[in-house]
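# Understanding the architecture of this molecule
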Amino acid sequence: MKDYHDDTKWAMQPLQQKWANLPIKQRCRIVGSARHGIAALADEFVRRCASPIRVDPVETVASELVPLCDALVWLSKRGPKVLADRTVGVAGRPLWLWGVRSTVRRVPLGRVLILGTWNYPLFLAGVQAAQALAAGNQVLMKPAPGCESATQQLADCFV
């Protein structure tokens, strides 16, 4: 049986390492700026998301594009604080742990796989991709069947 932890192909790639080494504030700003590309291509997203189940273009705009852009704004503004290192206080600790100091650090995992959904292919996959990218990860997306075109356009907006 092959042990994938020893395989060098799963190690952080140089480009992903450069991304992970950027300051958190800069990563969040870059990821948040994807909203401009998404808003500019709203009509194209509506066309690519049309299906027998989703016939009303307003549904794509109201349930996917607007919330996704709003989430990207939130991430660009508040992401640096959420992802910043934080010291854990003594409140709630047992007496025997009062002298212990702890710091929570958010460390990128490396590669993250996002499995897209057919019902909200832009919003759900887009928010997950944005969060993973802001945290310094490389993102791989597998779109749901029938959503490949919309997911590709979404990925292009992040690039």
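In what follows, the accompanying structure is described. Owing to the predicted nature of the structure, the values given are computational and were not obtained by experimental measurement. (Residues numbered from 1 in each chain as written. Predicted model: local features only at pLDDT ≥ 70, side-chain atom pairs only at ≥ 80, totals over all residues. Heavy atoms only, no water.)

### Looking at a nonpolar patch on the surface
There is a patch of nonpolar side chains on the surface, built from Val 90, Leu 95 and Trp 98 and spanning about 340 Å² of accessible area. Within the secondary structure layout, Leu 95 lies in the loop between β1 (86-88) and β2 (102-104). Assessed through its relative accessible area of 63%, Leu 95 is described here as exposed. (Patch = residues over 30% accessible without salt bridge, like charges linked within 9 Å, V, L, I, M, F, W, Y side chains within 5 Å. Areas by Shrake-Rupley, 256 points an atom, 1.4 Å probe, with all protein chains shown as cover. Salt bridge = Lys/Arg side-chain N within 4 Å of Asp/Glu carboxyl O. Helix = DSSP H or I, 4+ residues; strand = E, 2+ residues; numbered from the N terminus. Buried < 20%, exposed > 50% of the residue type's maximum accessible area, 1.4 Å probe, protein only.)

### Observations concerning the pattern of salt bridges
Counted under the stated rule, the structure contains five salt bridges. Among the salt bridges present, the one from Arg 54 reaches Glu 59, with a minimum N-O distance of 3.9 Å. A relative accessible area of 6% places Arg 54 in the buried class. For Glu 64, the salt bridge is made with Arg 54, and the minimal N-O distance between the two is 2.3 Å. In this pair, Glu 64 sits in helix α5 (residues 57-83) while Arg 54 sits in the loop between α4 (42-49) and α5, placing the two residues 10 residues apart along the sequence. One salt-bridge network, in which partners are shared between bridges, spans Glu 44, Arg 47 and Arg 48.

### Let's talk about the nonpolar core
Val 31, Ile 38, Phe 45, Leu 72, Leu 122, Leu 154 and Phe 158 are the most contacted members of the largest nonpolar core, which totals 30 residues. Secondary structure elements with two or more residues in this core: α2 (24-32), α3 (34-40), α4, α5, β3 (111-115), α6 (123-134) and α7 (148-158). Per element, the largest residue contribution to this core is seven residues, and it comes from α6. If we skip the residues at most four places from it in the chain, Leu 122 touches Phe 45, Cys 49, Thr 60, Glu 64, Leu 65, Leu 68, Val 127, Ala 150 and Leu 154. (Core = buried A, V, L, I, M, F, W, Y, C linked by side-chain atoms within 4.5 Å. Contact = heavy atoms within 4.5 Å.)

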